[in-house]
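Analysis of the macromolecular model
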Amino acid sequence: MSDRTLTEAPAAAPARPVDAGDEGYSKDLKSRHINMIAIGGAIGTGLFLGAGGRLAGAGPSLAIAYAVCGVFAFFVVRALGELVLYRPSSGAFVSYAREFMGEKGAYTAGWLYFLNWSTTTVADITAAATYAHFWSMFTDVPQWVLAFIALAVVLTANLISVKYFGEMEFWFSLVKVAALVIFLIVGIYLVATSHDIGGTTPGLANITDNGGLFPTGVLPMLLVVQGVVFAYASVELCGVAAGETENPEKIMPKAINSIMWRVGLFYVGSVVLLALLLPYTAYSADQSPFVTVFDKLGIPGTAGIMNLVVLTAALSSLNSGLYSTGRILRSMAMSGSAPKFTGVMNKGKVPYGGVLFTAAFGVAGVGLNYWMPGEAFEIVLNLASIGILGTWAMVMLCSLFFWQRSRNGLVERPSYRLPWAPYTQIVTLIFLATVLVLMWMDGGVGRTTVMFLPAIAAALVGGWFLVRRRVAELAAPRD
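Since the model is a prediction, treat every value here as computed from it, not as a measurement.

Considering unusual backbone geometry
Cis geometry marks the peptide bond from Ala-421 to Pro-422, where omega comes out at 5 degrees. By secondary structure assignment, the location of Pro-422 is in the loop between α16 (376-407) and α17 (423-442). If you check the backbone angles, Ser-194 has positive phi at about 55 degrees while not being a glycine. Of note, Ser-194 is situated in the loop between α7 (162-193) and α8 (205-208). Overall, Ser-194 belongs to the partly exposed group, its relative accessible area being 40%. Notably, Trp-420 is not glycine yet its phi reads approximately 60 degrees, a positive angle. Looking at the secondary structure, you find Trp-420 in the loop between α16 and α17.

Focus on helix α18 (residues 444-451)
Of the positions making up α18, those classed as buried are Gly-446, Thr-449 and Val-450. Buried residues along α18 cover an arc of 95 degrees about the axis, so they all sit on one side. Opposite its buried face, α18 presents the exposed residues Gly-444 and Met-451, each directed more than 90 degrees away.

Notes on the nonpolar core
Residues Phe-48, Tyr-66, Phe-93, Phe-183, Val-229, Tyr-232 and Trp-392 are the most contacted members of the largest nonpolar core, which totals 134 residues. In terms of residue count, the dominant contributor to this core is helix α5 (residues 92-132) (19 residues). Discounting residues that sit within four places of it in the chain, Phe-183 has contacts with Ser-270, Leu-273, Leu-274, Leu-277, Phe-290, Val-293 and Phe-294. In this structure, Ile-125, Leu-151, Leu-318 and Val-355 belong to the second largest nonpolar core, which totals 14 residues.

Some thoughts on the side chain of Thr-200
Along the chain, Thr-200 falls in the loop between α7 and α8. Residue classification places Thr-200 among the buried residues on the basis of a relative accessible area of 19%. Among all residues touching Thr-200, those that are not within four sequence positions of it are His-195, Asn-206, Leu-277, Leu-278 and Pro-279.

Quick word on the pattern of salt bridges
This model, assessed by the stated rule, comprises 5 salt bridges. Here Arg-87 and Glu-99 are joined by a salt bridge, their closest N and O atoms 2.9 Å apart. Here Arg-87 is found in the loop between α4 (62-86) and α5, whereas its partner Glu-99 is found in helix α5, with 12 residues between them in sequence. Each member of the pair, Arg-87 together with Glu-99, is buried. A salt bridge links Glu-244 to Arg-327; the shortest N-O distance between them is 2.9 Å. On the criterion of sequence distance, the pair formed by Glu-244 in the loop between α11 (237-241) and α12 (248-277) and Arg-327 in helix α14 (residues 302-335) is long-range, its members being 83 residues apart. Pair check on accessibility: Glu-244 and Arg-327 agree, each one buried.

Scoring rules and cut-offs
- Residues numbered from 1 in each chain as written.
- Predicted model: local features only at pLDDT ≥ 70, side-chain atom pairs only at ≥ 80, totals over all residues.
- Heavy atoms only, no water.
- Helix = DSSP H or I, 4+ residues; strand = E, 2+ residues; numbered from the N terminus.
- Buried < 20%, exposed > 50% of the residue type's maximum accessible area, 1.4 Å probe, protein only.
- Arc of directions from axis to C-beta.
- Core = buried A, V, L, I, M, F, W, Y, C linked by side-chain atoms within 4.5 Å.
- Contact = heavy atoms within 4.5 Å.
- Salt bridge = Lys/Arg side-chain N within 4 Å of Asp/Glu carboxyl O.

Below is the structure:
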C-alpha cells in the first residue's frame with residue numbers, strides 16, 4: 001500500500017502534505033473510541049425520534065426503507081474507509097476532494113458538509129428540548145430555553161480536548177447501544193410471551209390486522225426515505241476521527257465493517273419489533289417510539305429512563321457535529337476556502353474557531369425553536385438531508401476519481417476496498433439523485449427544501465468568487 005501519488009520522480013523526493021490542516025492534532029483517540037464513534041454514527045436522533053413519525057406515516061414498511069438506506073450508507077462509509085487507508089486525514093472527504101477534484105471540489109464538499117451539520121445541530125437541540133419536555137419539571141420551560149441549555153453544555157465540553165470528546169462519545173454510544181440491546185431483549189420477550197402492552201397483544205396480528213406491510217401504500221414508504229437518510233447522517237464521522245488516531249490501518253476496517261450488522265440489528269430489528277409490539281397508529285412524531293412502548297407497559301420509571309437515553313442520543317449527535325465540522329472547517333481555512341478564524345486551535349489542540357462557528361448556527365436554531373417550536377425539527381431535518389446527500393455524493397465522486405487514477409497507475413489502492421467499483425459508486429449516486437426526486441414528490445416541506453437548491457447553488461458560486469483569490473494564493477506554493 002502506498003499513501004502518495006505514484007510518479008516518475010526519484011524515490012528520494014520528499015512527500016508533500018496534501019492537507020496542511022492535518023498538522024497540529026494530537027493522536028489521542030484509541031481503538032475503543034473509534035469503534036464506539038462508528039456505532040454512535042450509526043445510531044442517532046433519526047432513529048430515536050424520527051422513527052416515531054415515520055412509522056406512523058409508512059407503517060411496518062419503514063423497516064424496508066431503513067434496510068435500503070443502510071446498504072447505501074455502508075457503501076459510502078466503505079468508500080471513505082478506502083480513502084482513509086490510502087491517506088488518513090482530519091479533513092476527510094474535503095481533503096480527498098482537494099486531491100482528486102481540485103480546490104473547487106474541496107470548497108463544495110466542505111460547505112455542503114457544513115450545511116449538513118449546522119442544520120443538524122438545530123435538529124439535535126430541538127430533539128433534546130422535545131425529550132426534556134417528557135418530564136413534568138420541564139413542561140413549563142419554553143422549548144427555546146431548553147435548546148439553548150443543551151447547546152451551551154455540549155459546546156463547553158467539546159472545546160476541552162479530542163481525548164475528552166472521545167471519552168464522551170464512548171460513553172454516549174455505550175448508553176445508546178445498551179439501551180437498544182435491552183429494548184431488543186425486552187421486545188422479543190414481550191412478543192414471545194404475548195404480554196399485554198396497554199391493552200394490545202404484541203404479535204404479527206399488529207401488522208396483518210392493520211393494513212399489512214404497506215398500510216398506507218408503497219408511496220409513503222418511498223417518501224420517508226428522505227428522512228431515513230438523515231438517520232445515517234453520522235456514519236462518515238469515523239473517517240474524520242481517523243486523522244486523530246494512531247494506527248488507522250488496523251482500527252478503521254474493523255470499525256467500518258461492523259456498521260453493516262449494526263444497521264441490520266439496531267435499525268431494521270428495532271423497527272420490526274416496534275411494529276410487532278403495537279399497531280403503527282400507536283406511534284407519533286411527538287414522542288420517541290421506544291418511550292411509547294415503555295410508557296404503555298406501565299412499568300414505573302422505564303419510560304423516563306428510555307427518554308433519558310434518547311436525550312443522550314441527541315446530545316451525542318450534537319457533540320459529534322461540533323467535533324467534525326470543526327475539523328472540516330480547519331482543513332478549509334488552511335486552504336483559504338473558509339474564514340481564517342475557523343482554523344485557529346486552542347491549547348487542547350481543538351480547532352475552536354470552527355466549533356464556535358457551527359455553534360453560532362445552533363444559536364440561530366434556538367431562535368427557530370422560539371418562533372416555530374412545532375415545525376423546527378422537520379424544517380431543519382429536510383435542509384440537513386440536502387447537506388447529507390451532497391456530502392455522500394462528494395464522497396462517492398472522490399472514490400470514483402480515486403478508482404480511475406488507480407486504473408491509470410497514478411495511485412495504488414489499499415487492500416481494504418469498496419467492492420464492485422465503479423458500479424457501486426454509480427448506483428449510489430443514482431440513489432442519491434432519486435432521494436431528491438422523492439423529496440419533491442413528497443410536497444410540503446420536502447418540496448420547499450428542493451426549491452432551495454438554486455439558492456444553495458447560488459450561495460456556493462457567490463462564495464467561491466469571494467474566496468478564490470486567497471485559495472489560489474495558498475495553493476500556489478503546494479502546486
